[in-house]
Amino acid sequence: MAAPLEGIKVLDLSRLAPGPYCTMILGDLGADVLKIEEVGLSGRRAAVQGAKEMAFWLTRTEMETAYNTVERNKRSIALNLKADEGKQIFYKLAETADVLVEEFRPGVMKRLGADYDILKELNPRLVYCSITGYGQDGPYQNLVGHDLNYISIAGAQGVIGVADGKHAIPLNLLADYAGGGLNAAVAILAALLARGKTGKGQYIDIAMADGVIYLMAHIFAEYLYTARTGKSLFGSPTNLEPKPGQWHLSGGLPEYNIYQTKDGKYISIASQEPWFYQNLFRLIGREDLIPLRTDPKRQPELFAALREAFLTKTRDEWFDLMTQTDICVGKVYSLEEVLTDPQVQHRNMIVEIEHPTLGKIPQVGISLKLSDTPGEIRSLGSLHGQNTREVLQELGYSQDEINSLKEKGVIK
């Protein structure tokens, strides 16, 4: 059965987390993703060439590429877009592409002669997606930044943390991967669906800060309702401004929290509905505390009882007990433990892919489970410029022309 995006051609000019994650999703769903990479480092990156993290995408080894999940299901062409001949190759690729993804600062693609206004004249069906921190317009459009800055501006960082006021930085999951890459993939799929009706592509402006605010729709709804009415929405506390560790879903409730167990490990409890927290307190032998649940002044007693109780058994013992008594519970895993969890294994969220020279390479599986047209990991990542010759041959270039372009530094 064909994958859902089989036949869709994607040009990927992105480098850091959001764009590559977006195109990984498209590739997992069957799209033919072509990474367009620099021939060599230039500008500020060249000045810090010794910094491996800056030059990774140009110097990556076969092993590094094989293990880098966001590189999979993609080919790579090394192309100098500043050279006229390189630009002509790019235009040929764009003429038959369905999707283009880039994450340069606003204005860079225009200076390269590769912005949407130019490419849509070559290919009116092209879906062109730009991913930036703050979008293509507005007072922050040219500000530099990373995930932590975007989640701060969006308000997410202000509500994440513990009750002593210390902030907890949630990796770079919210802005880079969810607000950026995942949002971009959804928008691209929607634009392709719209193209099926109109016959035309369109421009997509993805701002990671926007995406994080979008993720917080429920939280803002509660805040705005309480600001207007002074009342609670969805049963949340009526304090106007959610604070780190104090809001009901950020550690403010004893029955929605994380506790240390006898073996020094941790377990998460999310039993906020009445029937769940009643089961919780019955299980620890403190049914007498159930009536105190709605009294904010008695919350410290509930916290203390749960902390004391969880120290009497190991994490796994508590998990086994609670999964049998209808309590919302989860083990707080290390990454190593995730790999061997039976549910994770059953859902094929960790898989092994055969590499031609390195043997079996473990990879995160595909979370999008389609019954009739499932996604597939068809190949592991390509080395920098690995597919340059084959792509140019597909465009009709002869071997002599390809050799000439390489000698001129137009390609690698």
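About the criteria used
Residues numbered from 1 in each chain as written. Predicted model: local features only at pLDDT ≥ 70, side-chain atom pairs only at ≥ 80, totals over all residues. Heavy atoms only, no water. Helix = DSSP H or I, 4+ residues; strand = E, 2+ residues; numbered from the N terminus. Buried < 20%, exposed > 50% of the residue type's maximum accessible area, 1.4 Å probe, protein only. Pairing = 2+ DSSP bridges. Axes fitted to C-alpha atoms, helices over the stretch in contact; angles between N-to-C directions. Contact = heavy atoms within 4.5 Å. Patch = residues over 30% accessible without salt bridge, like charges linked within 9 Å, V, L, I, M, F, W, Y side chains within 5 Å. Areas by Shrake-Rupley, 256 points an atom, 1.4 Å probe, with all protein chains shown as cover. Salt bridge = Lys/Arg side-chain N within 4 Å of Asp/Glu carboxyl O. Phe/Tyr/Trp six-rings, centres within 6.5 Å; stacked < 30°, edge-to-face > 60°. Disulfide = S-S within 2.5 Å. Bend = angle between axes of the 7 residues up to and from the residue. Lys, Arg positive; Asp, Glu negative; His and termini not counted. Polar contact = N/O pair within 3.5 Å; in protein donor to acceptor, adjacent residues only side chain to side chain.

J.: Can you walk me through unusual backbone geometry in this structure?
T.: Of all residues except glycine, most have a negative phi; of all peptide bonds, most are trans. A positive phi angle, near 55°, is found at Leu171, a position not held by glycine. Position of Leu171 relative to the elements: it lies in the loop between α8 (147-153) and α9 (173-198). Exposure remark for Leu171: the relative accessible area of 63% places this residue in the exposed category.

J.: Hey, could you run me through the sheet that holds strand β6 (residues 203-207) in this one?
T.: Strand order in the open sheet formed by six strands is β3-β2-β1-β4-β5-β6, with parallel pairing between adjacent strands. With one partner strand each, in any of the chains shown, β3 (74-78) and β6 form the two edges of the open sheet. Between one strand axis and the next, the sheet turns through 20° on average, direction left out of account. Pairing geometry for strand β4 (residues 99-102) and strand β5 (residues 127-132), over four bridges, is parallel. Counted as the bridge partner of Glu102 is Ser130 from β5. Packed on one face of the sheet, α9 meets β4, β5 and β6 and runs near 160° to β6. Of the strands in this sheet, β5 and β6 are in contact with helix α10 (residues 208-215), which crosses β6 at around 70°.

J.: How should I be thinking about the sheet that holds strand β7 (residues 256-260) in this particular structure?
T.: Strands in a sheet are paired, the pairing made by backbone hydrogen bonds, and the direction either parallel or antiparallel. Overall, antiparallel pairing links the three strands, which are arranged β7-β8-β9 in an open sheet. With one partner strand each, in any of the chains shown, β7 and β9 (329-331) form the two edges of the open sheet. Averaged over neighbouring strand pairs, the angle between their axes works out to 20° when direction is ignored. Examined bridge by bridge, β7 and strand β8 (residues 266-270) share five bridges and lie antiparallel to one another. Bridging from a neighbouring strand, Ile258 pairs with Ser268 of β8. Contacting β7 and β8, helix α13 (residues 299-310) runs over the sheet at an angle of about 40° to β7.

J.: Which parts of the structure should I look at to understand a nonpolar patch on the surface?
T.: Together, Met63, Tyr67 and Leu358 make up an exposed nonpolar region whose accessible area comes to about 270 Å². For Leu358, the position within the fold is in the loop between β10 (350-355) and β11 (359-364). By relative accessible area, Leu358 is classed as partly exposed at 30%.

J.: Help me out: how do you make sense of the packing of aromatic side chains in this one?
T.: For any pair of aromatic rings, the description rests on two quantities: the centre-to-centre distance and the angle between the ring planes. Counted according to the given criterion, the structure contains 10 aromatic pairs. Ring centres of Tyr116 and Tyr203 lie 5.7 Å apart, and the angle between their planes is 40°; this geometry places the pair in the tilted category. Of this pair, Tyr116 sits in helix α7 (residues 116-122) while Tyr203 sits in strand β6; the two residues are 87 residues apart in sequence, bridging distant segments of the chain. Summarising the aromatic geometry, the rings of Tyr128 and Tyr203 are spaced 5.6 Å apart at their centres and angled 40° between planes, so their arrangement reads as tilted. Of the two residues, Tyr128 sits in strand β5 while Tyr203 sits in strand β6, which places them 75 residues apart along the sequence. Judged by its relative accessible area of 31%, Tyr203 falls in the partly exposed class.

J.: Where do I start with the state of the cysteines in this structure?
T.: Across all of its chains, the model carries zero disulfides by this definition. Of all cysteine sulfurs, the one in Cys129 lies closest to Cys22, which takes part in no disulfide; the gap is 5.7 Å.

J.: How do you make sense of α9 when you look at a structure like this?
T.: Turn by turn, an α-helix covers 3.6 residues, leaving residues three or four places apart pointing in a common direction. Largest kink in α9: about 25°, centred on Asn183. Looking at the packing, one finds that the buried side of α9 touches α1 (18-28), β4, β5, α8, β6 and α10. Of the residues one or two after α9, Gly199 is the one with positive phi, at around 80°.

J.: What is the right way to look at the side chain of Asp176 in this model?
T.: Looking at where Asp176 falls in the secondary structure, it is placed in helix α9. In this structure Asp176 is buried but unpaired, with Lys74 as the nearest side chain of opposite charge at 14 Å. Polar side-chain contacts of Asp176 include one of 2.8 Å to the side chain of Asn172. Setting aside its immediate chain neighbours within four residues, Asp176 contacts Ala17, Pro18, Asp147, Gly181 and Met208.

J.: What am I meant to see in the pairing of β5 here?
T.: Consecutive side chains of a regular strand alternate in pointing toward one face of the sheet and then the other. In terms of burial, β5 is a largely internal element, six of the six residues being buried. Alternating positions in β5 separate into two faces, Val127, Cys129 and Ile131 on one and Tyr128, Ser130 and Thr132 on the other, with burial throughout. Pairing of β5 with β6, which is carried by five bridges, proceeds in the parallel orientation. By the bridge assignment, Ser130 is partnered in β6 with Asp205.

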